[in-house]
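Listed below, chain by chain, are the residues.
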Amino acid sequence: MTMKLTTDPSAATLLPIAKKEGISTVWDRHRAMQPQCGFGQLGVCCRICWKGPCRIDPFGDGPQRGICGADADTIVARNVIRMIAAGAAGHSEHGRHVALALQGVAEGRLPAYQIRDEAKLRAVAAKLDICTEGQDIAAIAAAVAKATLEDFQNQDHDAPCNWIEATLTKKRLERLQALHVLPHNIDAVITQIMGRTLVGCDADPVNLILGGIKGALADFDGMCLATELSDALFGTPSPVITAANLGVIKPDAVNIAVHGHNPLLSEVVCEVAGQMDEEARKAGAKDGINIVGICCTGNEVMVRHGIPLAANYLSQELALVTGAVDAMVVDVQCIMPSVSEIGACFHTAVITTMAENKIPGATHVDFKEETALENARRIVATAIEAYKRRDPRRVNIPDFKQTAIVGFGVESVVGALATLNAEDPLQPLIENIANGNIRGIALFAGCNSTQVAQDSSFVTMAKKLAANNVLMLATGCGAGSFAKHGLMTQEATLEYAGDSLKAVLTAIGTSAGLNGPLPLVLHMGSCVDNSRAVQVAVAVADKLGVDLDQLPLVASAPEAMSEKAVAIGTWSVALGIPTHLGTMPQVTGSAKVTELLTQTAKDLLGGYFLVELDPALAADKLLEVIEERRKGLGI
Ligand code: CUV
């Protein structure tokens, strides 16, 4: 029996067209890859040196140690923490770019950027304990950038990173400090993971995993600073109505898809596109320029500007198969290298922009913050040129898109709650959790994976949790799934929410001027914006005087795939949050590491991984966890 590939109707429409055109997609390559390597799936394949590769026989008949003597526990632990290091590197490098851009703005060096949200920058300064009295905004920006960059430079092992220290509850910081897992320097912690996992280094699985947890917390630090400084530079999201799925691509527009993660480029592309709209019309596009988003760059511009989202991870190639994307502009992460080849089957210009992220066959525009406007103009001009070569006979835009209300973060959630209680905005939320109208909160995050029919686990779990009155937040490709499937609408709340959740969402939404309930799932942004959800949780915990591991709060990555998801999941556990994975983590070849992550973590940190591939069962298990937490709080 072949597995169903996707539950996204527009993806299902385009797959036969791709086949007819002879274009292979991620699903074709997944099929061709079967059966996949069992050693790799268990995490027991070691490729760390050239005496290898070695692999441990999971059935116990063959080798139980690699050539150097490393056993399955050591190999699995080394492999998984290297994944964490890679994830943390990706997120924190993104964060560093944003911090350096803020510094450049403070120094007046970057004409393409400004501080669009001064209030946010002041709030960030206050959070970091930076005195702003009598300082102008440039001086504040400089001080915030300096404090942020210290998180990449500090050499004092006993002084935790500034952002993590400013973000978590006091109790959580103490608990992490006691385990020696608070990062002092993002770069150093990532380097330490690479160093300790070399051949002939750390072989103790417990010690390795603790090092990995520190790396994951460095990832968290990088995310917090990336989110908050992006808000200062580009604006803090507030609720906006937009749309999602491939139907947002317009037949009579120059369609530019922005794809990747970092908003530094896409923000400028959006701005320049507005200025060059007339040129597109002159070229024959009567609807001008239409920017659409893919993956987390898409989420970034969606929550800030209401730019529609065309696709999440698995359907990025299909955006090109519509034949109507004139340029796909990519920055970093989650970009399938196949896009340049598929773009070449059409008229599409696939444009890479980052020096460290090139794809053979793509056009490269060397993006620099200093020349951002000029780079963006070149990109938009390239798209307009490509549009002139578009073959209308090969255009197939699926007629599927869903409305989505997006743009929720701490500020907008607290803002909406403040319309109910201006003095004490969190009180209505806490009251409704305490009285059980809201049983708990679930954060959905993470990717799509070919191991799951696209979006299906997200949607199945959300419907079940909603019916059981769980308030849901989402980021990343999870948010993309919900947006595409119409779960970020008021109608979804009316249709799927349990009665008490519906009443609460309606009271908040109506009082906040939405003319009806809040959407069923609140879109909190991109992957780095998982930090927004943590901020909400920390605010609630602080108000209750408890720590995060006592809250009826769970996280889920039902379709996780990226190393970044490994890092995020691990810090989620470290923060005390029970964290569900709906795809099999590559650690089960070591009983010890599996036990550490799914059981011992609970004693050490309060959070732990819960693996369940069946989404309906996973929802049940999360509901049980929520009830257990409620019991602990006596509510
Ligand atoms: Ni950062 S990391 S597939 S785009 S969420 Fe989407 Fe989100 Fe995973 Fe990538």
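Residues numbered from 1 in each chain as written. Predicted model: local features only at pLDDT ≥ 70, side-chain atom pairs only at ≥ 80, totals over all residues. Heavy atoms only, no water.

Where an unreviewed UniProt entry is consulted, the protein chain appears under the name Carbon monoxide dehydrogenase, with the organism given as Geomonas paludis. Turning to the protein chain, the UniProt annotation filed under Catalytic activity (unreviewed entry) states: "CO + 2 oxidized [2Fe-2S]-[ferredoxin] + H2O = 2 reduced [2Fe-2S]-[ferredoxin] + CO2 + 2 H(+)". In its Cofactor (unreviewed entry) section, the UniProt record describing the protein chain reads: "[4Fe-4S] cluster". (UniProt positions renumbered as here; feature names shortened; annotations may be inferred.)

We now examine the site of the ligand. Around the ligand sit His261, Cys295, Cys296, Tyr313, Cys334, Gly446, Cys447, Cys477, Cys527, Met561, Ser562 and Lys564, and that is every residue in its neighbourhood. Here the residues of the shell around the ligand sort into eight nonpolar, three polar and one charged. Each of two domains, domain 2 (246–394) and domain 3 (404–633), supplies a minimum of three residues to the shell around the ligand. (Near = heavy atom within 4 Å. Nonpolar A, V, L, I, M, F, W, Y, C, P; charged D, E, K, R; others polar. Domains from an automatic or database assignment.)

Quick look at the UniProt feature "binding site: [4Fe-4S] cluster 1" (unreviewed entry) in the protein chain now. Residues annotated by UniProt as "binding site: [4Fe-4S] cluster 1" (unreviewed entry) correspond here to Cys37 and Cys45. Of the annotated residues named above, the ones that line the largest pocket are Cys37. Looking at the element boundaries, Cys37 is found in the loop between α2 (26–32) and α3 (38–42). Cys37 sits in the partly exposed class, given a relative accessible area of 46%. Tracing the chain through its elements places Cys45 in strand β1 (residues 45–46). Given the relative accessible area of 25%, Cys45 is considered partly exposed. If near-sequence neighbours (up to four positions away) are discounted, Cys45 is found in contact with Phe39, Gly40, Cys54, Arg55, Ile75 and Asn79. (1 Å grid on protein atoms, 1.4 Å probe; cavity = no way out; pocket = protein on both sides within 12 Å on 5 of 7 lines; lining within 4 Å. Helix = DSSP H or I, 4+ residues; strand = E, 2+ residues; numbered from the N terminus. Buried < 20%, exposed > 50% of the residue type's maximum accessible area, 1.4 Å probe, protein only. Contact = heavy atoms within 4.5 Å.)

Take the side chain of Asp231 next. With respect to the secondary-structure elements, Asp231 resides in helix α10 (residues 205–234). Among all residues touching Asp231, those that are not within four sequence positions of it are Asp117, Lys120, Thr236, Pro237, Arg304 and Arg532.

Let's shift gears to the coordination of the nickel atom of the ligand. The nickel atom of the ligand binds to the protein through His261 (NE2), Cys296 (SG) and Cys527 (SG); the donor distances cover 2.2 to 2.7 Å. Mapped onto the sequence, the residues coordinating the nickel atom of the ligand show the spacing H-x34-C-x230-C. Taken together, the residues span a long stretch of sequence, with Cys296 in helix α13 (residues 295–305) and Cys527 in the loop between β13 (521–525) and α23 (530–544) at a distance of 231 residues. Judged by relative accessible area, which is 1%, Cys296 ranks as buried. (Donors = N, O, S within 2.8 Å, 3.2 Å for Na, K, Ca; no water.)

Turning our eyes to something else, we now look at the domain arrangement of the protein chain. Structurally, the protein chain comprises domain 1 (72–234), domain 2 (246–394) and domain 3 (404–633). Taking only C-alpha atoms, the centre of domain 2 and the centre of domain 3 are 31 Å apart. A buried area of about 1,400 Å², summed over both sides, lies between domain 2 and domain 3, and 66% of it is on carbon and sulfur atoms. It is Val303, Asn312 and Leu314 in domain 2 that bury the most area against domain 3; as a group they hold 38% of the surface buried on that side. Viewed at the interface, domain 3 and domain 2 are joined by zero salt bridges. (Buried area = accessible area lost by both parts, 1.4 Å probe. Salt bridge = Lys/Arg side-chain N within 4 Å of Asp/Glu carboxyl O.)

Another aspect to go through is the nonpolar core. Soluble globular proteins tend to pack their nonpolar side chains together in the buried interior. Tyr113, Val144, Ile289, Phe444 and Met472 are the most contacted members of the largest nonpolar core, which has 187 residues in total. Residues within four places of Tyr113 in sequence aside, it is in contact with Val105, Phe234, Leu264, Val268, Phe367, Glu369 and Ala372. One finds Leu15, Ala257, Val292 and Val321 within the second-largest nonpolar core, a separate group that totals 37 residues. (Core = buried A, V, L, I, M, F, W, Y, C linked by side-chain atoms within 4.5 Å.)

Time to look at the layout of surface pockets. If you add up the space inside the largest pocket, you get close to 1,000 Å³. Forming the walls of the largest pocket are 40 residues, and the residues nearest its centre are Gln451, Ala560, Met561, Met584 and Gln586. For the lining of the largest pocket, the secondary-structure elements that each account for two or more residues are α2, α3, α4 (72–106), α10, α24 (563–574), α25 (591–605) and β16 (609–611). (Points joined across faces, edges and corners; volume = space filled by probe spheres on them.)

Moving on, we get to unusual backbone geometry. With an omega of -10 degrees, the peptide bond running from Gln34 to Pro35 counts as cis. Within the fold, Pro35 resides in the loop between α2 and α3. Cis geometry marks the peptide bond from Gly52 to Pro53; its omega dihedral reads 5 degrees. Positionally, Pro53 belongs in the loop between β1 and β2 (54–55). A positive phi angle, close to 75 degrees, is found at Asp455, a residue other than glycine. Tracing the sequence through the fold places Asp455 in the loop between β11 (440–444) and α19 (456–467). At Asn515, a position not held by glycine, the phi torsion is positive, near 60 degrees. As for its placement among the helices and strands, Asn515 is situated in the loop between α22 (499–511) and β13. Among the residues examined, Asn515 registers a relative accessible area of 75% and is labelled exposed.

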